[in-house]
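An overview of the molecular structure
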Amino acid sequence: MSKYRCETVCVQGGYTPGNGEPRQIPIIQSTTFKYATSEDMGKLFDLETNGYFYSRLQNPTCDAVAAKICALEGGTAAMLTSSGQAANFFALFNICTNGCHIVASSGIYGGTFNLISVTMAKMGVEVTFVSPDADDEELDAAFQPNTRAVFGETIANPALTVLDIERFAKAAHRHGVPLIVDNTFATPINCRPFEWGADIVTHSTTKYIDGHGSTVGGVIVDGGKFDWMAHAEKFPGLCTPDESYHGITYAQRFGKEGAFITKCTAQLMRDFGSSQSPQNAFYLNLGLESLHVRIPRHCENAQAVAEFLEAHPKVTQVNYCGLPGDKYHALAEKYLPHGSCGVVSFELNGGRDAAQIFMKHLKLASIETHVADAHTCCLNPATSTHRQMTDAQLAAAGIPAGLVRLSCGLESKEDLIADLTQALEAID
Ligand SMILES: *Cc1c(COP(=O)(O)O)cnc(C)c1O
């Protein structure tokens, strides 16, 4: 599928039916798979042959959908997970365990911030958060001898900062570690982080990839370029025999292209079991089939809404990298030349109180803990998704208490602007 353009891959990637086989990806709703002899099965357990034995680890429906996303991102291997949280946890924990350290952008999704700073801290993983705007000197200073990964989001949720992927990748590589990029908001339609040096890409597929608010899920994609063996002392999990898996050395057996995902499947899926159900993978694929049609429309609506808000007297600040005056416009022109995403954030004159009055009066945009689907929705991060963060942490992440995050759906942009107009009028 790699020779085809993304529009074609969205529709047909990952699965090519044979003669007389189902046109749509079949839902293999089976926990297990039958074999004629225990020798056949043994080879699967030894990872000597490809095949399925238990859907906690791998399932053909999930693999077909993962292969489609892998092709869209231009990666070499991919796996679905039960959620975006599981994808980011696995991507990090696959190489950062007790005693290791992560350098992460401070402007990341609240759930990931919490995962790294609280839950992974309990597992003995340290983190240093750096501003997504950090210069090379600040970036270099964040690394420690035990640093094992750099983590950021292409477009941060909800701060909407744009990551300088190439610069962050170079910093990671100077220190012999991979860059992991959560590409949820941009999607591979608008940005392919591997082309800028990222090594691992993750998504919460719950957002645009599903796109209809129907299915929680995640994906991890390996770009296949990071040379684990060249930094073997840093990555013993990939570069020395795994005694829990018949003495396999993943980086030797599966190479740069396959080691990361194979280890992640064989160890982390086996032990944590955060697999996606085949039924959910099927829904996810329905979303994928129109991703390339939906994303430009989300961006068109968000651009119109951002321009409207910017010109409105009751709005003090609009964050949308598609606006020429936005702090991230230059980075967006480099990394997101075809558009960024459908999410706009803005601050109202009158802070938290004004935000609450405004949101109460919206008729089309509903108040939801969600973004990035067909229906326009909004929320006030400080009182919802980010309520576990202190004011200082909120400020560091670029999220003032009175910020409203608005996710523009696929409705008419004229109707959306009319709805915003009347809700803004309700603020006195
Ligand atoms: C929503 C989101 C996540 C978490 O994904 P879930 O599917 O909700 O677990 C991670 N990263 C980003 C950027 C997100 O927007």
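The following paragraphs examine the structure supplied in this document.

Cut-off values and rules
- Starting afresh in each chain, residues are numbered from 1 along the sequence in its written order.
- Thresholds applied to this predicted model are a pLDDT of at least 70 for local features of residues and 80 or more for the giving and counting of side-chain atom pairs; totals over whole chains, interfaces and linings are not thresholded and use all residues.
- With hydrogens and water excluded, all non-hydrogen atoms of the structure serve as input to the side-chain values.
- A molecule or strand has a residue near it when one of that residue's heavy atoms lies within 4 Å.
- Polar contact is the term for a pair of N or O atoms within 3.5 Å; when the atoms are in protein, one must be able to donate a hydrogen and the other to accept it, and sequence-neighboring residues count only if both atoms are side-chain atoms.
- Accessible areas in this description were obtained via Shrake-Rupley with a 1.4 Å probe; residue shielding takes into account the shown protein chains only.
- In this description a helix means any DSSP run of H or I spanning at least four residues, a strand means any run of E spanning at least two, and both kinds are numbered starting from the N terminus.
- Under the scheme applied here, ten amino acids are nonpolar (Ala, Val, Leu, Ile, Met, Phe, Trp, Tyr, Cys and Pro), four are charged (Asp, Glu, Lys and Arg), and all others, including Gly, are polar.
- Method remark: on a 1 Å grid restricted to protein atoms, a set of points is classed as a cavity if a 1.4 Å probe fits but cannot get out and as a pocket if it is open with protein on both sides within 12 Å along at least five of seven lines; lining residues have an atom within 4 Å of a point.
- Grid points are joined across faces, edges and corners, and a volume is the space filled by probe spheres set on the points.

Re the site of the ligand
Taken together, 15 residues lie near the ligand, and Asn157, Asp182, Ser204, Thr206 and Lys207 sit nearest. Contact distances for the ligand include 2.9 Å between an oxygen atom and a backbone N or O atom of glycine 84. Here aspartate 182 contributes a side-chain N or O atom positioned 2.7 Å from a nitrogen atom of the ligand. Compared with its free state, where it exposes 380 Å², the ligand has 92% of that area covered by protein. Among the elements that make up the shell around the ligand, the one with the highest residue count is helix α4 (residues 84–93) (3 residues). Looking at the shell around the ligand, its residues break down into 2 nonpolar, 10 polar and 3 charged.

Focus: the layout of surface pockets
Roughly 680 Å³ of internal volume is contained in the largest pocket. Looking at the largest pocket, it is lined by 33 residues, and the ones nearest its centre are Asn50, Gln58, Asp63, Thr262 and Thr265. Among the elements that make up the lining of the largest pocket, the one with the highest residue count is helix α10 (residues 250–272) (7 residues). The residue makeup of the lining of the largest pocket, split by class, is 18 nonpolar, 12 polar and 3 charged. The space that makes up the second largest pocket amounts to roughly 360 Å³. Ala159, Thr161, Asn319, Lys327 and Tyr328 are, among the 24 residues lining the second largest pocket, the residues nearest its centre. Residue contributions to the lining of the second largest pocket peak at 3 residues, all from strand β8 (residues 315–319).

As for empty space enclosed by the protein
To locate leftover empty space, one rolls a probe as large as a water molecule over the atoms. Tallied over the full model, the rule gives 1 cavity of 30 Å³ or more. Taken as a whole, the largest cavity encloses approximately 40 Å³ of empty space. If you trace the largest cavity, you find it lined by Ala365, Thr376, Leu406, Leu416, Asp419 and Leu420. Ranked by residue count, the leading element in the lining of the largest cavity is helix α16 (residues 413–425), at 3 residues.

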